[in-house]
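# Coordinates in review
The lines below spell out each chain.
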Amino acid sequence: MTTVLDAPHLDIQPDALIPDKRASAETTEEYGRAGEAADKASSEAYGSVEVESGFNEAGLRELTGHDWLAAAAWGIAGAVATSAVSLPFLPMHLIALTFVLGAGLGVLGYLDHCTQLIRNKHTVVFGAAAAVLLTATQILIPAAQILIPALVAAAVTFVFMLGLAVITKFAGGGDIKLSPVPAALLAAVSPLAAMMWLLFTFVLCLGAMIAARLSGNTRKHVAMAPFMAIAAGLSLGTYGMLSLVLGI
């Protein structure tokens, strides 16, 4: 505690207790540097989350039972939609492929919408189901010749998505790993259908991003799996109309 005396010209306060302006400035500067370092570390940590998840989202969460019920409903809706679109022009042995396509993208599209994350284990299950079905169809109906186009489409789509992500940051890691699965299933129907699927997916994503920016949303990314699901139905329907009209 500092004591104030009546004598105005006496200064008996010890030098050690007189604040040093230079020391105070240096301390403030040190605090500033420490704050900047903390902010930088926080930013780098947040950025690492973005790299791992593919999205700059703080709201990633664990899935709940309600999420799985809703995802199952969307999976059923997706399977019915893609199968119904395909019935007028596809042979019956390919309808199972479109069924699995719609079911898988319906489930993963909803989960991606909820958590902004496509989990690796879900992609593995979807990919394994697609691989088993493609292989079984090829073995049971050798004349179908679907396995090679499916493998080529999966490889080309993976390389394309990876290059796009590196150059433009348009897609996340989960999108890159998921994309070969629907591409393979659609290429078994027709390579043209797989190409249209990629086109529709990016057009829908780009439109959603533009709409989000216009509405003032600062989110850098949108969940791509829901648009993959919508694009699957659109590509099958478009290819079906072309095949019926042009005979391709």
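Residues numbered from 1 in each chain as written. Predicted model: local features only at pLDDT ≥ 70, side-chain atom pairs only at ≥ 80, totals over all residues. Heavy atoms only, no water.

### Observations concerning the confidence of the model for the protein chain
Low pLDDT means the predicted atomic positions in that stretch should not be read closely. Averaged over every residue, the pLDDT of the protein chain is 80; the share at 70 or more is 74%. Considering each helix and strand of the protein chain separately, the mean pLDDT is smallest for helix H1 (residues 21-53), with a value of 44, and largest for helix H7 (residues 180-189), with 97. Segment residues 1-19: pLDDT under 50, and 3 contacts once partners within four positions in sequence are set aside and those in other chains are kept. (pLDDT = per-residue confidence, 0-100. Helix = DSSP H or I, 4+ residues; strand = E, 2+ residues; numbered from the N terminus. Contact = heavy atoms within 4.5 Å.)

### What to know about the packing of helix H3 (residues 92-115) against helix H4 (residues 120-140)
Look at H3 against H4: their axes get within 10 Å of each other, and the N-to-C directions meet at 175°. On the basis of the axis angle, H3 is roughly antiparallel to H4. Side by side, H3 and H4 meet where His93, Ala96, Leu97, Val100, Leu101, Gly104, Leu105, Leu108 and Leu111 of the first sit next to His122, Phe126, Leu133, Leu134 and Thr137 of the second. Tallied by class, residues from the contact of H3 with H4 come to 10 nonpolar, 4 polar and no charged. (Axes fitted to C-alpha atoms, helices over the stretch in contact; angles between N-to-C directions. Parallel < 35°, antiparallel > 145°, perpendicular 65-115°, else oblique. Nonpolar A, V, L, I, M, F, W, Y, C, P; charged D, E, K, R; others polar.)

### Remarks on the packing of aromatic side chains
Note on aromatic pairs: each is described by the distance of the centres and the angle between the planes. Under the definition given, this model contains 2 aromatic pairs. Between Phe89 and Tyr239, the ring centres sit 5.8 Å apart and the planes meet at 70°, which makes this aromatic pair edge-to-face. Taken as a pair, Phe89 in the loop between helix H2 (65-86) and H3 and Tyr239 in helix H9 (residues 225-246) lie far apart in primary sequence, 150 residues in all. Considered together, Phe89 and Tyr239 belong to a single accessibility category, that of buried residues. When the ring of Phe160 is compared with that of Phe202, the centres are 5.9 Å apart and the planes differ by 80°; the resulting orientation is edge-to-face. With Phe160 in helix H5 (residues 147-168) and Phe202 in helix H8 (residues 191-214), the pair connects residues that are 42 residues apart, well separated along the chain. (Phe/Tyr/Trp six-rings, centres within 6.5 Å; stacked < 30°, edge-to-face > 60°. Buried < 20%, exposed > 50% of the residue type's maximum accessible area, 1.4 Å probe, protein only.)

### Things to note about the nonpolar core
Counting 48 residues, the largest nonpolar core has Phe126, Leu134, Met161, Leu178, Leu185, Trp197 and Met224 as the members making the most contacts within it. Listing elements by their share of this core, those giving two or more residues are H3, H4, H5, helix H6 (173-178), H7, H8 and H9. Here this core gets 8 residues from one element, more than from any other, and that element is H7. The residues contacting Phe126, other than those within four sequence positions of it, are Val100, Leu101, Gly104, Leu105, Leu108, Leu178, Val181, Pro182 and Leu185. Among the nonpolar cores identified, the runner-up in size contains 6 residues, and Leu63, Ala71, Leu111 and Cys114 belong to it. (Core = buried A, V, L, I, M, F, W, Y, C linked by side-chain atoms within 4.5 Å.)

### Some thoughts on the environment of Val181
With respect to the secondary-structure elements, Val181 resides in helix H7. Note on Val181: relative accessible area 11%, which makes it buried. Note: C-alpha distance between Val181 and Ala155 (26 residues apart in sequence) is 9.8 Å. Contact partners of Val181, with chain neighbours within four places excluded, come to Phe126, Gly127 and Ala130.

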